[in-house]
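Each chain, written out:
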Amino acid sequence: MSQPSETDVQQIFDRIAPVYDRFNDLLSLGQHRIWKKMALRWCEPKQGETWLDLCCGSGDMTALLAQKVAPTGQAIGVDFSKELLAIAADKARNYLPKIQKSLTWQEGNVLSLPFGDNSFDGATLAYGLRNVNNIPQCLSELRRVLKNGAKAAILDFHRPSDLLMQAFQNFYLDRIVVPLADRFAMTAEYAYIAPSLARFPIGAEQVKLAKAAGFSSATHYAIANGMMGILVLQK
Ligand SMILES: C/C(=C\Cc1cc(O)c2ccccc2c1O)CCC[C@H](C)CCC[C@H](C)CCCC(C)C
Ligand SMILES: C[S@@+](CC[C@H](N)C(=O)[O-])C[C@H]1O[C@@H](n2cnc3c(N)ncnc32)[C@H](O)[C@@H]1O
């Protein structure tokens, strides 16, 4: 399967928006929330800072950031899926009324971020790097908008080195995830995960790409038995 266009990706996420959160909770047995909190611990957002959550989707990471930087700081979620941004704003309005003032939702393309140079004290990017059409451009834009010395944490799928775990991950994606999605007429959308993972750079390659983008430090940590990974960057 060739790499989908930006429009294809945008349409995938607009279409899965209604089931996105529920599927993530169900299919990862809620573990994805732990993985997101692990990513946050690696970049240490502080009260009063201004942070950017790239490819924010339904806003899980943006909300976690806002809880850390509130009440005087800001967490800005940027995404090009109108449908997921609408869900993010609704969830925040309904469940996080006290930190609404520390949350901003911005429609935009992370390959051309609508923010000035050196704007943010830090950034997160959860399950987005694998979905962008130009990873080097995304890392370059991420670095551009970070202040000097700022940190970023990039969480995404990872291919386990252990062959048994690889087999389990492939089985799970092909025989658990896709058949469940099929029951909600979302087969093609979820069948996209496996090929996107197959062409995704592994940890060491991500570190090389981050260094090439100009980050002063880049470290990749495999988690969840190697099925997920967190790339921690510093400008
Ligand atoms: C939050 C997660 C995935 C987000 C996500 C990323 C994408 O690129 C997608 C592309 C197309 C459709 C949907 C998504 C998408 O939801 C991770 C958790 C959800 C995963 C779908 C579940 C896969 C989990 C591991 C492969 C195995 C977990 C083992 C389990 C804990 C026993
Ligand atoms: C798998 S979702 C991740 C959402 C959220 N970060 C999370 O952890 O659940 C991937 C998100 O990346 C967004 N995305 C992909 N390419 C993008 C781009 N070039 N610019 C902005 N958003 C993009 C999609 O619209 C989608 O919301």
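Structure shown above.
All values derive from a computational prediction rather than experimental measurement.

Caption draft 1: Inspection of the overall build of the protein chain at higher detail. When helices and strands are counted, the protein chain shows 9 helices and 7 strands. Taking 2.2 N^0.38 as the reference for a compact globule, 235 residues should give roughly 18 Å; the C-alpha atoms of the protein chain span a radius of gyration of 17 Å, in line with that estimate. Expressed as lengths along the three principal axes of its C-alpha atoms, the size of the protein chain is roughly 45 × 40 × 30 Å. A buried classification covers 51% of the 235 residues belonging to the protein chain. For the protein chain, the proportion of contacts with a sequence separation of at least 24, taken over those separated by at least 6, is 73%. Total accessible area computed for the protein chain in this model is approximately 10,900 Å², and 54% of it derives from carbon and sulfur atoms. Between the centroid of the 25 positive side chains of the protein chain and the centroid of its 22 negative side chains there is a distance of 6 Å.

Caption draft 2: The pattern of salt bridges, seen in detail. Counted under the stated rule, the structure contains 13 salt bridges. Taking the shortest distance from any N to any O, the salt bridge between Asp117 and Arg144 comes out at 2.8 Å. Separated by 27 residues along the polypeptide, Asp117 in the loop between strand E3 (103–107) and strand E4 (120–126) and Arg144 in helix H5 (residues 135–145) bring together distant segments of the chain. Measuring nitrogen to oxygen at the nearest pair gives 2.6 Å for the salt bridge that ties Arg130 to Asp156. Taken together, the residues Arg130 in the loop between E4 and H5 and Asp156 in strand E5 (residues 146–157) connect sequence positions 26 residues apart. Across the pair, Asp156 and Arg130 agree in class, each one buried. Because the salt bridges share partners, they merge into one network encompassing Asp21, Asp25, Arg33, Lys36, Asp60 and Lys91.

Thresholds, definitions, all that
- Residues numbered from 1 in each chain as written.
- Chains lettered and ligands numbered in written order.
- Predicted model: local features only at pLDDT ≥ 70, side-chain atom pairs only at ≥ 80, totals over all residues.
- Heavy atoms only, no water.
- Helix = DSSP H or I, 4+ residues; strand = E, 2+ residues; numbered from the N terminus.
- Rg over C-alpha atoms; globule rule 2.2 N^0.38 Å.
- Buried < 20%, exposed > 50% of the residue type's maximum accessible area, 1.4 Å probe, protein only.
- Contact = heavy atoms within 4.5 Å.
- Areas by Shrake-Rupley, 256 points an atom, 1.4 Å probe, with all protein chains shown as cover.
- Lys, Arg positive; Asp, Glu negative; His and termini not counted.
- Charge placed at Lys NZ, Arg CZ, Asp CG, Glu CD.
- Salt bridge = Lys/Arg side-chain N within 4 Å of Asp/Glu carboxyl O.

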